[in-house]
Amino acid sequence: MAGRINDDDVKAVRDAVPIDSVVSEYLQLRNAGGGNLKGLCPFHDEKSPSFQVSPGKGLFHCFGCQEGGDTIAFVMKIDHLSFSETVERLAAKAGITLRYEEGGYNPSHQRGERIRLIEAHQAAAEFYVRALESPEAEIGRKFLAERGFDQDAATHFRVGYSPAGWDHLTRYLRGKGFSDKELITSGLSQDGRRGPIDRFRGRLMWPISDTAGEIVGFGARKLRDDDNGPKYLNTPETPIYKKSQVLYGIDLAKKDIAKASRAVVVEGYTDVMACHLAGVTTAIATCGTAFGNDHIKILRRLLMDNGSARVIFTFDGDSAGQKAALRAFEDDQKFAAETYIAIAPDGMDPCDLRLAKGDDSVRDLVEPRTPLFEFALRQIVGRYDLETPAGRAAALDEAAAVVAKIKTSSVQREVAVQLAGFVGILDQEFVVHRVAQLARWARDKGGDHGERGGRRGGPQGPRGGVPQQTAPGFSGPALNLRSPAHRTERELLKLALQKPALVSPAFDAYGVDEFTAPPYAAVRQCIAEAGGAEQGLADNREYLVAVMDAAPDNTVRSLVTELAVEVFIGKTIDETYAGMQLVQVRLRAVDRRINDVQGSLARLGSHVAPQDLAAAQNEVWVLQQYAQSLRAHGAAAL
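For this particular structure, what's the right way to read the environment of arginine 199?
Inspection of the secondary structure assignment puts arginine 199 in the loop between strand 8 (195-198) and strand 9 (203-209). Aside from chain neighbours lying at most four places away, what touches arginine 199 is Gly187, Leu188, Ser189, Gln190, Leu233 and Pro236. Polar contacts involving the side chain of arginine 199 include one to the main-chain carbonyl oxygen of glycine 187, which spans 2.7 Å.

In structure tokens:
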């Protein structure tokens, strides 16, 4: 049975691995102000970045879908790992040796499934790379050389070779301590008559990595005529490999994609190699499947949809390549980036082009040529006889239905005008009207009733005066940030979480009942259970972890992370600003108590006992004096 990871080691891992470096492996982050970073959320679709990371606090929070937490929570969520798997993975990254509370540490028994499968793939990749140097692999080296790839290129892309025998890799990995069940689950081996055998045999091997750079699968290229398998054989679907969710070369290209706001989508492994070696280091490829929605999500998080982002497809010029381009256009509206298609005049792919005409020709190829929508519409229109009225009408009907899918009305109109020119219809307004009519029909039939990727709060948090409904699990009136009381309570909690030195020790004397919004009262209770804001003076990160641990459910925990990363309303956050929030929250609590006591007296009228009346009147007098002092002297009166 796996032992529990030592708490001090968990803390060491959390402190050692900066959250921004981990998150940056999955999406592009930009400055959001206040020491925070922002990007497109990897957990839901959105068009504007509402996902924020606070490196100083080690926290992330999405103001759109409300996901939040620390580095461990982020990795658990995005890679679907257990807590222990995540800590083990981050510990390996940081070079930290973990201790377990119960018994010794046996890696083969205690490491989680995902980590074991990743380790098996890493070991396999090393095995394949060594095998490429063997005499048997001469056919593989020749294949690479004929396509312009030398040993340095093979090493850079970690290209390898799978021996032609039945179980060379299987026996090697068994010797490394991997079980037959793990080898079958990983897709590296498959069931044979007498036990597991190698899935890949006698082929060139390309390792396929995820965005974080971990090998999750392989692409295998047929080399021999007596190989009856397909030309390319990929890893089957496994717990760590989903072909619709991986892009070959993304681990090598992601930084340059984010830096240049450009991605080049090619069709094969050798095309990616050719592009990178020619200087087009933003090239990636799908792995045996069409470019689809999940691939778009990966690229959007790197491109950040900044308006100047470009995605360039370099499909082959044959009919299959044209079909691939049309499929890509169907998903074009899911990009905010401009999309183009680049096809070499003679229809060569980037690998053949580099071999025939050199690196410069590859770089020239991927300079934006034809907008994808124009290429797609010309392909549709080109199937009809535009010399006849019937042909023009049929072309318009098919192409207009495609243009009608464009969500932005201004873009839709512009493309419709261009469509009129493609078809040869002089009356542009007729085409514009036809496209708009088809778009309305699609909406009326139950289509899109609003933009996808909408979010409840902006990147600075839901503070712009929009009424916020009470989150599930809270009782009481709806949270409304038009309310000065709710707005001030929110600011005070943000101070207590982000800058406890400005409000401590006064804040810790505030009762839960001084926060009128139930969600804020719940956060105040969490702070109290974590030892109060005073605990944040020594170690703010550990203090925030303790507050999150005190949360009774994910709803409260999400609000804690939201308040811990949200920027303040004020421009200057100092003792004066903190004092204003402390005073306003306390003053409103005092005024509420005065009103409560006076209201009770009014309802009871003459039925109040003399001693109770005197006590109540004395309480009101004391409270009124306190309120007057707060108004006159501010925080000094606390």
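For this particular structure, what's the right way to read the pairing of strand 8?
Note: strand 7 (residues 189-192) against strand 8, 4 bridges, orientation antiparallel. Across the sheet, the residue bridging to aspartate 191 is proline 196, located in strand 8. Counting the residues in the hairpin turn of strand 7 and strand 8 gives 2 residues.

Would you mind showing me how to read the sheet that holds strand 10 (residues 215-222) here?
In space, the 4 strands of this open sheet follow the order 6-9-10-11, with antiparallel pairing throughout. Because the sheet does not close on itself, it has two edges, and the strands there are strand 6 (160-162) and strand 11 (232-234). Along the sheet, successive strands turn relative to each other by an average axial angle of 35 degrees, direction set aside. Pairing of strand 6 with strand 9, which is carried by 3 bridges, proceeds in the antiparallel orientation. Of the residues in strand 9, the one forming a bridge with serine 162 is arginine 203.

Explanation requested: the sheet that holds strand 13 (residues 283-285) in the structure shown.
Each strand in a sheet pairs with its neighbour through backbone hydrogen bonds, running either in the same direction (parallel) or in the opposite one (antiparallel). With mixed pairing, the 5 strands of this open sheet are ordered in space as 13-12-14-15-16. In the strand order of this sheet, the two ends are held by strand 13 and strand 16 (370-371), each with one partner. Pairing geometry for strand 14 (residues 310-313) and strand 15 (residues 338-341), over 4 bridges, is parallel. Each bridged residue has a counterpart across the sheet, and for isoleucine 312 the counterpart in strand 15 is tyrosine 340. Where helix 11 (residues 250-260) meets the sheet, its contacts fall on strand 12 (262-266) and strand 13, and the angle it forms with strand 13 comes to roughly 130 degrees.

Definitions and limits used
- Residues numbered from 1 in each chain as written.
- Predicted model: local features only at pLDDT ≥ 70, side-chain atom pairs only at ≥ 80, totals over all residues.
- Heavy atoms only, no water.
- Helix = DSSP H or I, 4+ residues; strand = E, 2+ residues; numbered from the N terminus.
- Contact = heavy atoms within 4.5 Å.
- Polar contact = N/O pair within 3.5 Å; in protein donor to acceptor, adjacent residues only side chain to side chain.
- Pairing = 2+ DSSP bridges.
- Axes fitted to C-alpha atoms, helices over the stretch in contact; angles between N-to-C directions.

Note that all results are geometric; they support no functional claim without further evidence.
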